[in-house]
Amino acid sequence: MTCRELAEILLDYLDGQLDEVRCTTIRSHLDACPHCVHFVQTYQITIQVSRRLPPAPLPAQLLERLQRALEGEANSPNS
Amino acid sequence: MDDVLDTDGRLTPEKVFREHGPRVYNLARRMLGNDADAEDVAQDVLLQVVRKLDTFRGEANLTTWLHRITVNAALAHRAKRARRDQREQHEPVDLFLHDGHHAQPVRPWSINPAVQAEQHETTRLIEQAIAELPDMYRDVYVLADVEGLPNAEIGDMLTLSLPAVKSRLHRARLLMRRALARHFEEAAA
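Now for a look at the structure at hand. (Residues numbered from 1 in each chain as written. Chains lettered and ligands numbered in written order. Predicted model: local features only at pLDDT ≥ 70, side-chain atom pairs only at ≥ 80, totals over all residues. Heavy atoms only, no water.)

Time to look at the overall build of chain A. The secondary structure content of chain A amounts to 5 helices and 0 strands. For chain A, the sequential pattern of α-helices and β-strands runs α-α-α-α-α. Whereas a compact globule of 79 residues would reach a radius of gyration of roughly 12 Å, chain A reaches 25 Å, over 25% beyond that. When its C-alpha atoms are laid out on the principal axes, chain A stretches across 70 × 25 × 15 Å. Split into buried and exposed, the 79 residues of chain A put 41% on the buried side. Of the contacts formed within chain A by residues at least 6 apart in sequence, a portion of 51% connects residues at least 24 apart. Accessible area of chain A: about 4500 Å², with a carbon and sulfur share of 50%. (Helix = DSSP H or I, 4+ residues; strand = E, 2+ residues; numbered from the N terminus. Rg over C-alpha atoms; globule rule 2.2 N^0.38 Å. Buried < 20%, exposed > 50% of the residue type's maximum accessible area, 1.4 Å probe, protein only. Contact = heavy atoms within 4.5 Å. Areas by Shrake-Rupley, 256 points an atom, 1.4 Å probe, with all protein chains shown as cover.)

Here you go:
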């Protein structure tokens, strides 16, 4: 297995979608390749930091627009 | 779902805005990469929801439905805007030489994901990297790695096959990883 081949199936490996034979091949490659160890670690960090992104608050002007739109609908002749 | 119901067991507009508004707004903002466009989409979506409040009586699928209509609204907004991403479609797998080995040494990062994603500068860098992804990768990345949706559900939303979702997600992660490496990679010893 080359480093490129490992990268190409990394998503399935991390999702637990590979069979044991291919998992063993990947682990053997990782045992011998520090670059791929760092590659896999940083690939995982990329996912982890994205999943921990804090949400931006709803802008105050958007809340005001929503309230005005609701009031406008409530006051319309068709409501 | 009880926290968005009034005493009669009905959803109220205020509770929908408070409980679900930020999620709708953030999803639209990250898909569109633009605060003003995200506000327009979030307004359309949230008003659509409150107009249909009678059809939701604490149904557990409200969040799923919100994701779906937000994605649809964001995609429609992008199409209407007719400013599809024309940026160069980077080839993430040029990280490797013809023989399949890494083209450059791969170094660890000086980042602790457990704490740093909530720090302002780190957040800004990650949001910027997401915003700079080409549309086709950013949509999948936001839904999978920010929102945490299953690949099959993302495929349904974006009308993509499961292999297409996985392929785009992997390429998006490679592009994100490369963008973040510029900031977090440890210096060579």
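Let's pick the thread back up.
Residues and elements named next belong to chain B. Tallying each qualifying case throughout the model produces 1 cavity of 30 Å³ or more. Of the pockets and cavities examined, the largest cavity occupies roughly 40 Å³. Lining the largest cavity we find Arg23, Val24, Leu27, Thr63, Leu66, His67 and Thr70. For the lining of the largest cavity, the element with the most residues is helix α3 (residues 62-81), which contributes 4 residues. Partitioned by chemical class, the residues of the lining of the largest cavity number 3 nonpolar, 3 polar and 1 charged. (1 Å grid on protein atoms, 1.4 Å probe; cavity = no way out; pocket = protein on both sides within 12 Å on 5 of 7 lines; lining within 4 Å. Points joined across faces, edges and corners; volume = space filled by probe spheres on them. Nonpolar A, V, L, I, M, F, W, Y, C, P; charged D, E, K, R; others polar.)

For the structure on display, the rule yields 3 aromatic pairs over all chains. An angle of 35 degrees between the planes, with centres 6.4 Å apart, marks the rings of Phe39(A) and Tyr43(A) as tilted. With Phe39(A) and Tyr43(A) both in helix α4 (residues 34-51) and 4 residues apart, the pair spans about one turn of that helix. Of the two residues, Phe39(A) and Tyr43(A), neither departs from the other in class, the shared state being buried. A centroid spacing of 6.1 Å and a plane angle of 45 degrees characterise the contact between Trp109(B) and Phe184(B), whose relative ring orientation is tilted. Placement of the pair is Trp109(B) in the loop between α3 and α4 (113-116) and Phe184(B) in helix α8 (residues 162-184), with a sequence separation of 75 residues. Among the aromatic residues, ring-to-ring pairing joins Phe39(A), Tyr43(A) and Phe96(B) into one connected group. (Phe/Tyr/Trp six-rings, centres within 6.5 Å; stacked < 30°, edge-to-face > 60°.)

Quick look at the interface of chain A and chain B now. Contact with chain A, which involves 39 residues of that partner, is made by 53 residues of chain B. Note on chain A versus chain B: buried area summed over both sides is about 4100 Å², and carbon and sulfur give 65% of it. For the pair chain A and chain B, the number of links is 4 salt bridges. Between Glu39(B) and Arg65(A) there is a salt bridge whose closest N-O contact spans 3.3 Å. Where chain A touches chain B, the interface holds 19 residue pairs in polar contact (both at pLDDT 80 or more). At the level of secondary structure, the elements contributing two or more residues to the side of chain A that touches chain B comprise α1 (3-8), α2 (10-14), α4 and α5 (60-75) of chain A. (Buried area = accessible area lost by both parts, 1.4 Å probe. Salt bridge = Lys/Arg side-chain N within 4 Å of Asp/Glu carboxyl O. Polar contact = N/O pair within 3.5 Å; in protein donor to acceptor, adjacent residues only side chain to side chain.)

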